[in-house]
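Close look at the chain arrangement
The lines below spell out each chain.
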Amino acid sequence: MDRRKFFKSAGFSLAGGSLLLNSCAPAEVMDSGISYSHLDEILSRPVLKKELFTDPVIIEQVSLLRYGGSILCRVVSSDGAEGISVSNDLYMTSLYPIFVQRVQPHFTGKDAVQLEEIMKDVYLYNYKLQGLALWLPLATAEMAVLDMLGKIAGKSMGELIGDIHHTSIPLYLANDNRGRSAEESLARIRENIGDWPFKALKFKVAGRMHSEEHPPGRSEKLIPLVRETFGNEMTLYTDANGGYSVKEAIKTGKLMEEYNYGYFEEPVPFDWYEGTKQVADALDMPLAGGEQEPSLFNFRWMIKNNALQVVQPDQFYFGGMIRSVQVARMADAAGIQCTPHMSGRGLGYLYMMHFVSVLPNAASFHEFKGFSQRFEMECPTSSLTIDEEGEIKVPTGPGLGVIIDPDFIEKHQIVKA
Ligand SMILES: [Mg+2]
């Protein structure tokens, strides 16, 4: 993966605004080379293809539904069209009052074709709540509306928000294991991979969010061990979940460079932007991040300043497919790759696949954490299995492209605040 680095001195800055900013910066600043005005122009472009709809689609009903650990959103139009989303139940079991009280009312009675305007209204009403607590409920509503619009237009979710660049998604296996010795961790990674033909894998290093690594020295040992075990053909990534200081991250990053790792995810706490940039500037290998990032402005800053070389918005944590596309578009213009963080619950992998299907700047592999066994559903256009290339075919049917068993949906009760 090429990493675009531009060395600029204050004297060579072009735009007036950046001249002022750069005059206070160190003599040598690494920048992605894209201007803020270009990024702002990208952010002003619509995402949803309204031209696919000739008539308004009035949303008559929005309901949050729950059955045990399953949380769904159902939207119904005044003409009887229906859309379903499968939410991330891990967080929605706590966040449902925000959905019911502060998100749902903004959708009822509105024209679903104006989805982006509705979402702006929801944000304006709720901006003080910005973060996963707001974005996850909003994403849940957005994805149900997109499912409905896809069914009306006969288009997949991807076709509603972009042009299809990928019909099949190459996967990497994400391993969540921490707190074991390097040898035990390696055994778990091998066990996870089993007979699956993955060509890439990611494992955890450091202690989450700067907590103590256990056992001490685990990552230092594991990084060479995994490379030696899987050979040079395997693409390897690591994820520190914000576990390091800048100094420690640079040291570990250099070790990964020695062993030819693909990227280094969240080396320092995700909201420590200057720390992230310091690590990026000190290393040749790409940094990945953004799964916890709630703000478009912060992504804009990180892309402009080349603090990340791979952006990873999570379609649920970041407020939906449309906002995630805005991040991917900014990154693409700056020559930065995108691979989403995958919400590991419900049908997170399906939303991930539709999102990746429209990315011209998709990274080589995308996160996979296993299939959900909970859902009784059919997918007429994809087997939803991993083929011998380590890829899954993106469903091409309307909306999400799956038919969830109506009897299963009927078991759910409407959630009230
Ligand atoms: Mg991560």
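Counting secondary structure elements, the protein contains 14 helices and 17 strands. Relative to its length of 417 residues, the protein is compact, with a C-alpha radius of gyration of 22 Å against a globular reference of 22 Å. Viewed in the frame of its principal axes, the protein has a C-alpha envelope of about 60 × 55 × 35 Å. Burial analysis of the protein (417 residues in total) assigns 46% to the buried set. A separation of at least 24 residues holds for 73% of the contacts in the protein among residues at least 6 apart in sequence.

On to the domain arrangement of the protein, then. It is common to give the size of an interface as the accessible area that goes away when the parts come together. Segmenting the protein into domains produces domain 1 (50-158 + 407-414) and domain 2 (162-374). Computed from C-alpha atoms alone, the centre-to-centre distance between domain 1 and domain 2 is 28 Å. Contacts between domain 1 and domain 2 engage 21 residues on the former and 22 residues on the latter. Elements with a minimum of two residues in the side of domain 1 that touches domain 2: α3 (89-107), α4 (115-126), α5 (132-153) and α6 (157-161).

Moving on, we get to α4. Residues that lie three or four places apart on an α-helix share one face, since the helix turns once every 3.6 residues. In this model α4 runs 16 Å from its N-terminal to its C-terminal C-alpha over 12 residues, within 8% of the 16 Å that 1.5 Å per residue would give. The set of residues buried in α4 consists of L115, I118, M119 and V122. Down the axis, α4 shows its buried residues gathered within 100° of arc, on one side only. Residues of α4 that are exposed and angled more than 90 degrees away from the buried face: K120 and L124. In this fold, the buried residues of α4 make contact with α3, α5 and α12 (321-333).

Right, let's talk about the sheet that holds strand β5 (residues 82-86) for a bit. Reading across from one edge, β5-β4-β3-β17 is the order of the four strands in this open sheet, with antiparallel pairing throughout. Each end of this open sheet is capped by a strand with a single partner; those strands are β5 and β17 (413-414). Pairing between strand β3 (residues 59-67) and β17: two bridges, direction antiparallel. Considered in β17, the bridge of L65 is made with I414. Set on the sheet, α3 makes contact with β3 and β4 (70-77); between it and β3 the angle comes to about 165°.

Inspection of the secondary structure assignment puts E293 in the loop between β10 (287-289) and α11 (296-304). Judged by local crowding, E293 falls into the buried class, with 23 C-beta atoms found within 10 Å. A C-alpha to C-alpha distance of 7.5 Å links E293 and D271, two positions 22 residues apart in sequence. Ignoring any residue separated from it by four or fewer positions in sequence, one finds E293 in contact with F270, N298, F299, P313 and F318.

Quick look at the environment of L64 now. Inspection of the secondary structure assignment puts L64 in strand β3. For L64, a count of 26 C-beta atoms within 10 Å puts it in the buried group. Between the alpha carbons of L64 and K49 there is a distance of 26 Å; along the sequence they are 15 residues apart. Dropping the residues within four chain positions of it, L64 is found in contact with I71, C73, Y96, F99, V100 and V415.

So, about the nonpolar core. By size, the foremost hydrophobic cluster in this structure holds 112 residues, and its most contacted members are V145, Y172, I303, L308, V311 and A331. Per-element accounting of this core gives the leading share, 13 residues, to α5. A domain-level breakdown of this core finds at least three residues from each of domain 1 (50-158 + 407-414) and domain 2 (162-374). Each residue touching L308, except ones within four places of it in the same chain, is listed here: T276, A280, L287, A288, G289, G290, M302 and I336.

An ideal rise of 1.5 Å per residue puts 32 Å on 22 residues; α5 measures up with 30 Å between its terminal C-alpha atoms. Most of α5 is tucked away: 18 of the 22 residues are buried. Backbone geometry just after α5 places G154 at a positive phi near 70°.

For a regular strand, side-chain orientation follows a simple rule: the groups alternate between the two sheet faces. The buried count for strand β7 (residues 200-204) comes to five of five residues, which makes it a mostly enclosed element. Burial along β7 is two-sided: A200, K202 and K204 facing one way and L201 and F203 facing the other are all buried. In this structure, strand β6 (residues 168-174) lies alongside β7, joined through two bridges in parallel fashion. Within β7, the residue paired with L173 across the bridge is L201. Relative to strand β8 (residues 235-239), β7 runs parallel, the two sharing five bridges. Among the inter-strand pairings, A200 is bridged to a residue of β8, identified as T235. A crossover links β7 with its parallel partner β8, the connecting element being helix α8 (residues 218-230), and its sense is right-handed.

On to unusual backbone geometry. Cis geometry marks the peptide bond from H214 to P215; its omega dihedral reads -10°. Examined against the element boundaries, P215 turns out to sit in the loop between β7 and α8. For A206, which is not glycine, the phi dihedral falls at a positive 65°. Structurally, the position occupied by A206 is in the loop between β7 and α8. Residue M209 is not a glycine yet carries a positive backbone phi of 45°. Tracing the backbone shows M209 in the loop between β7 and α8.

Reading the values: the criteria
- Residues numbered from 1 in each chain as written.
- Predicted model: local features only at pLDDT ≥ 70, side-chain atom pairs only at ≥ 80, totals over all residues.
- Helix = DSSP H or I, 4+ residues; strand = E, 2+ residues; numbered from the N terminus.
- Rg over C-alpha atoms; globule rule 2.2 N^0.38 Å.
- Buried ≥ 20, exposed ≤ 12 C-beta atoms within 10 Å, placed from the backbone.
- Contact = placed C-beta atoms within 7 Å.
- Domains from an automatic or database assignment.
- Expected span 1.5 Å × (residues − 1).
- Arc of directions from axis to C-beta.
- Pairing = 2+ DSSP bridges.
- Axes fitted to C-alpha atoms, helices over the stretch in contact; angles between N-to-C directions.
- Core = buried A, V, L, I, M, F, W, Y, C linked by C-beta atoms within 7 Å.
- Right-handed = clockwise from strand over helix to strand, strands pointing away.

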